[in-house]
Amino acid sequence: MRNLILSAVLATASLFGLSAHADDIEAGKQYVELSNPVPISKPGKIEVVELFWYGCPHCYQFEPTLNPWVEKLPSDVNFVRIPALFGGLWNAHGQMFITLESMKVEHKVHDSVFRAIHKEGRKLATPEEMADFLVTQGIDRDAFLKAYNSFGVKSQMEKAKKLAMAYQINGVPVMIVNGKYRFDISSSGGPEQTLQVADHLIAKERAAK
């Protein structure tokens, strides 16, 4: 349902040709300023968060635009991915992401997981199904299953749930800059415009230091 709603919003944005010009980016239009700022994970850095779901087609389509931008971020910017946990398969995929992060291998298989779901038709709905796929990507099956059910991963799941609530999100993909500003593809006008908004807000936070 969340994806269907976002699809409709994206179609409307495309129809009316919304765009995020640097001189026309303001609160209430392309982004929302949170009434209660959320603490960031690395004080001293400008934090950019993307909340996503592996099963979300819009998140998958955003990747080719987002990844090159992330690679070019300056050293004072800390980019963080957080899985959105709305129950069911969202939580299963989120737990997989957090597990892979805890094993420090997420960056090696992130794109492959997306492709497996959206191009190969794999659901990756259970830990065993995930492990069977991840073995083909060079990940140790037993190590993954052990980490998947670990206390540390479950603690990170709870943290992700609390952050999503604090950010007041109701769909994905959505971005947060420095725990203060929330925006997404529909509010910004498209994938590229979303990153224009991110750049604008990063500059805004840098200037405020």
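Rules of the game
Residues numbered from 1 in each chain as written. Predicted model: local features only at pLDDT ≥ 70, side-chain atom pairs only at ≥ 80, totals over all residues. Heavy atoms only, no water. Phe/Tyr/Trp six-rings, centres within 6.5 Å; stacked < 30°, edge-to-face > 60°. Buried < 20%, exposed > 50% of the residue type's maximum accessible area, 1.4 Å probe, protein only. Helix = DSSP H or I, 4+ residues; strand = E, 2+ residues; numbered from the N terminus. Pairing = 2+ DSSP bridges. pLDDT = per-residue confidence, 0-100. Contact = heavy atoms within 4.5 Å.

1. Regarding the packing of aromatic side chains
Line of reasoning, step 1. Taken as a whole and judged by the stated rule, the model has 10 aromatic pairs.
Line of reasoning, step 2. Seen from their ring centres, F86 and W90 are 4.9 Å apart, and the 75 degrees between their planes marks the pair as edge-to-face.
Line of reasoning, step 3. In this structure W90 comes out as buried when scored by relative accessible area, which is 11%.
Line of reasoning, step 4. An aromatic cluster of at least three residues, connected via ring pairs, comprises F52, Y54, Y60, F97 and F114.

2. Examining unusual backbone geometry
Line of reasoning, step 1. The linkage connecting V172 with the following residue, P173, adopts the cis geometry, with an omega of -5 degrees.
Line of reasoning, step 2. Position of P173 among the secondary structure elements: in the loop between helix 7 (151–167) and strand 4 (174–177).
Line of reasoning, step 3. Positioned with a positive phi, K104 is a non-glycine residue whose angle comes to about 60 degrees.
Line of reasoning, step 4. Counting through the fold element by element, K104 comes out in the loop between helix 3 (89–102) and helix 4 (106–118).
Line of reasoning, step 5. Residue K104 is classed as exposed on the basis of its relative accessible area of 67%.
Line of reasoning, step 6. Here the phi dihedral of L124 falls at roughly 45 degrees; this positive angle occurs in a residue that is not glycine.
Line of reasoning, step 7. In this fold, L124 is placed in the loop between helix 4 and helix 5 (127–135).

3. Observations regarding the sheet that holds strand 2 (residues 46–52)
Line of reasoning, step 1. In space, the 5 strands of this open sheet follow the order 1-5-4-2-3, with mixed pairing throughout. Edge strands, defined here as strands with exactly one partner in the open sheet, are strand 1 (32–33) and strand 3 (77–83).
Line of reasoning, step 2. Relative to strand 4, strand 2 runs antiparallel, the two sharing 4 bridges. By the bridge assignment, V49 is partnered in strand 4 with I176.

4. Description of the confidence of the model for the chain
Line of reasoning, step 1. Averaged over all residues, the pLDDT of the chain equals 91, while 89% of them reach at least 70.
Line of reasoning, step 2. A low-confidence stretch, residues 1–20 stays under pLDDT 50, and its non-local contacts, those more than four residues away or across chains, total 31 contacts.

5. Let's talk about the pairing of strand 4
Line of reasoning, step 1. Residues V174 and I176 of strand 4 are buried on one face, and the alternating residues M175 and V177, pointing to the opposite face, are buried as well.
Line of reasoning, step 2. Relative to strand 5 (residues 181–184), strand 4 runs antiparallel, the two sharing 4 bridges. Residue pairing in the sheet places M175 in a bridge with F183 of strand 5.
Line of reasoning, step 3. Between strand 4 and strand 5, which pair antiparallel one after the other, the connecting turn spans 3 residues, and N178 there sits at a positive phi close to 55 degrees.

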